[in-house]
Every structure is written in C-alpha cells, then in structure tokens.
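Report on the structure
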Amino acid sequence: MTGPADQPAAEPAGGSLGERPGRAGANLGGDSAGVLARVVREHAGRLAASLISLLGDFSAAEDLVQDAVETALRRWPVEGIPERPQAWLYMVARRRGLDVLRRESNYRAKLAQLRWPEPHVADDRLRLIFTCCHPALAPAARIALTLRVVCGLSTAQIAAAFVVPEATVAQRITRAKKKIGQAGIPYRVPAAEELPERLASVLAVIYLLFNEGYLSSTPERARARDLVDDAEWLAALLAGLAPGEPEVGGLLALIRLHRARDATRFDEHGRLVLLADQDRSRWDHHAIEEATALLTGVARTHRRPGPYQLQAAIAACHAEARSFEDTDWAQILVLYDMLLHLAPSPVTRLHRAIALCRVHGAAAALAEVDALEHDLVSYGLWHATRAELLRELGEAEQARACDERALDLTANPAQQALLAERLTWN
C-alpha cells in the first residue's frame, strides 16, 4: 500500500469481516433529507471541483456548497424535491457565488461559464485531485484533503480509513487548504515530468475511495456503489493519463477483481456473505480473466512489483480458486510478505495473519495478531480477527469478549449484524 502506514487493505485475505455521478433525481424516493444526503454524497465533489476551477478558492467553494445544502434543507420539505436535485444545488451555489465573483473585474465572463458540468467531463475532478496532491503538502494531508473536498467523504470516514482520531484529520485538512492558498498552487493536471511525485498520493486517494465504497465505515449503509464506481472510473482515467505506470494498472486490476465478486458479497437481506461461503458460480469470471490479464501484462512489461500490484495478485489468488478449500494460501502468504517488505503496515500484518492461520495454524496467527495490539487496539477488525482465532483454539469466553469489543468499535450495519450473530454462537 502506498501512502500512510495505517492505510487499510481492500479486504482481509480470508474475508473475515469482510454509477458514476449524475444518477440522482426526483425518483430517488424517500424523504427530502434522505434524498439530499444521497445527492450530496454523489455530486458534492463534482460541484466543488467546478466551483473551485472558477473561483480558485477552496474555502469559498466549500462554503457555497454548504450554503446550497442548508437552503435545500429548508426549502425541499416545503416545496418538494426538484426534478434534478443536483442541478438545483448547483444553481443555488452559482447564485451564492455572485458576491465572490463581483470582487473580480471579469466576474461577468466567469459567471457565464458556470454551468452544471456534463456527467462524463473528467478534467475538473482530475485537475482538483492533482491540485490537492501537490508535493508542497504533507502526504497524509494531501490524501485527507482530496477525500474531503473532491470525493465528499466525511471527516469521520477519512479518520476510519487512516485509523486515526477525527481531530487529527480535521487539522490536516485545514492546514492543507491554507497551504494551497498561501503557496498559490495552480489548478491543473501536471505535466508528464511532474506526475511521478504526485502519483502515489493520487493512487492512495482512489484506493481509499474504493475501500469506503466497498465496505462503508458509517452506519448509514453497508456499502456505497457510487463511490466504488467513482474509484474505478478515476483509476481508468489515470491509466489513460499514465499508461507507463505499473501501479496504476495494478490498482485498476485490484478494483476490478474485487468488483467481480460483488453479486455474492451480500445476501438478499443485506447481510455479509463471507468469502468462504460465496457462490463462486455467480462471480463475473469474464471480468476476473480481464483483470488478471491486465495485471499479468503490467507485471511482464514493467517487472516492477509494487503494493497495488501485490494486492491485486492476492485478490487474483482468491478469484481464480475454484473453491475456498482450493485457495493457494501459501502463495498468498508469500505475496503478503512481499507487500510488507515494500509497504509495512499493521493492518497489512493483520490481514497476513489470516493467511498465516491457513498455512501454519491458529496459534501462530494469534501470536502475530497479539503483537499488533498497541497499533490496532481501537480497530474493530483486530478484535474480530482475534475472536476467530481464539474460537478456533477453543477459547470461547475470550472470543466472545473480543467479538463484543469489535461490535462496539464497528459502525457498518452489515458487519454489526455479523458480529451480533457470532455472539449468539457462544
């Protein structure tokens, strides 16, 4: 994993707990507050990106978006949900921006350019991502700022991704915004020679966006397909922009390999289905073949294995196994060792412990997990993994205590349901 050491992997190796923008409309159903929340999740990033491109001011653009949302909260319950709620928000933000634009001599020309962006226009969001990932900013701040401003994730969601306190994330974002304004960082996709110094942060943003969509860190929903769609779309755009970068291809393959299992990850009641129990006949085997071919091509052409390529290789081992019992755990363990050598991370060590259990037994895995207590004691998956290992070793009471603690630390409703079910086993 590139990026910070506390960056999570897309999913544990054994699955322990394990639309593009523009689709919102009046037919979304539900109350106005619920519709507004969904529209903001799917469109706030594009709206802010377009406003920033014209205003050149992060704080002003965010204020405009927030004003539009507050106006919608007041008016939609009374007037009804607009036919195109995302365009309604944009028009309100546009009007609010008039005062900002009046301060500039050419405000009328700029105002005329303010239109609701086309669904497939990539430039604004990609430019904004690269602006946020400028090397003048600290790496962790780049990623946090981009996830907040471009991708619309909350501070709580970003904190969950980094496994750090919310206050830490808030400070990073505030400082990064000030730095961009003070340093006069340009709003553009960098030239080819500038790409390498920003690429790691951009990849980390897309990766974390995919993680949040794949298995949400919030109680509102178990997963967010719109964020997963965004992540794949941005990864594909980046692959076109930087075709010679093997890690870009590795990330795109990783996302597509995980998406190939999407139809089987939840049952008809929205409950998580663990990897061992998924119906592999329903996996998208054509997508698996294509993603594996992409990964193989990247590896043969560049011979520079990186963290995303290694994670994709782990996902491919799972995807290509005919059954859970046929999984090549020894190979997965080797791949995790390589991954830890390139990008040490306590979360990766936790995931490796699951493979270690399959190869060398639960006792060896538990020793590895226990060594991570200092780093991951506030991480729900650490307690859940420890509970599984303890249960396998016959320590039912200790396992129950770990599952209870994992439930306290977990917000995702599907994960909560799984943990609650496990507590009934004892």
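For the structure, check the block above.
The rules behind these values
Residues numbered from 1 in each chain as written. Predicted model: local features only at pLDDT ≥ 70, side-chain atom pairs only at ≥ 80, totals over all residues. Heavy atoms only, no water. Helix = DSSP H or I, 4+ residues; strand = E, 2+ residues; numbered from the N terminus. Buried < 20%, exposed > 50% of the residue type's maximum accessible area, 1.4 Å probe, protein only. Contact = heavy atoms within 4.5 Å. Phe/Tyr/Trp six-rings, centres within 6.5 Å; stacked < 30°, edge-to-face > 60°. Lys NZ or Arg CZ within 6 Å of the ring centre and 35° of its normal. Core = buried A, V, L, I, M, F, W, Y, C linked by side-chain atoms within 4.5 Å. Polar contact = N/O pair within 3.5 Å; in protein donor to acceptor, adjacent residues only side chain to side chain. Salt bridge = Lys/Arg side-chain N within 4 Å of Asp/Glu carboxyl O.

Re the environment of Ala 176
- Looking at the element boundaries, Ala 176 is found in helix H9 (residues 166–183).
- Judged by relative accessible area, which is 1%, Ala 176 ranks as buried.
- Taking the C-alpha atoms as reference, Ala 176 lies 6.0 Å from Ala 141; in sequence the two are 35 residues apart.
- Residues in contact with Ala 176, not counting those within four places in the same chain, are Leu 137, Ala 141 and Leu 145.

Quick notes on the packing of aromatic side chains
- Summed over all chains, the structure comprises four aromatic pairs.
- Arranged with centres 5.7 Å apart and planes meeting at 70 degrees, the rings of Phe 324 and Trp 329 form a pair that is edge-to-face. An identical accessibility class is assigned to Phe 324 and Trp 329; each is buried.
- Above the face of the Phe 162 ring, Arg 172 is positioned so that its terminal group lies 5.3 Å from the ring centre.

Some words on the nonpolar core
- Ranked by internal contacts, the top residues of the largest apolar core, which has 100 residues, are Leu 89, Leu 147 and Ile 206.
- It is helix H10 (residues 195–214) that provides the largest number of residues to this core, a total of 12 residues.
- Setting aside residues no more than four positions away along its own chain, Leu 89 makes contact with Leu 36, Val 39, Val 40, Leu 47, Ala 68, Val 69, Ala 72 and Trp 76.
- Within the second largest apolar cluster, 18 residues are counted, among which are Leu 366, Leu 376, Tyr 379 and Leu 389.

A few points about the side chain of Arg 221
- The topology assignment puts Arg 221 in the loop between H10 and helix H11 (225–241).
- Taking the relative accessible area as the measure of exposure, Arg 221 reaches 16% and is therefore buried.
- A distance of 3.2 Å separates a polar atom in the side chain of Arg 221 from a polar atom in the side chain of Asp 226.

Focus: the pattern of salt bridges
- The full count for this structure, using the stated rule, is 15 salt bridges.
- The residue Arg 75 makes a salt bridge to Glu 79 at a minimum N-O spacing of 3.1 Å. In this pair, Arg 75 and Glu 79 both sit in helix H2 (residues 58–79), four residues apart, roughly one turn of the helix.
- Here Glu 79 falls in the exposed class, since its relative accessible area comes to 52%.
- Between Asp 262 and Arg 225 there is a salt bridge, with the nearest N and O atoms lying 3.8 Å from each other. You can see Asp 262 sitting in the loop between helix H12 (246–259) and helix H13 (285–302) and its partner Arg 225 sitting in helix H11, a full 37 residues away along the chain.
- On the accessibility criterion, Arg 225 (47% relative accessible area) is partly exposed.
- Look at the salt bridges and you will find they share partners, linking Arg 223, Arg 225, Asp 262 and Arg 265 into a network.

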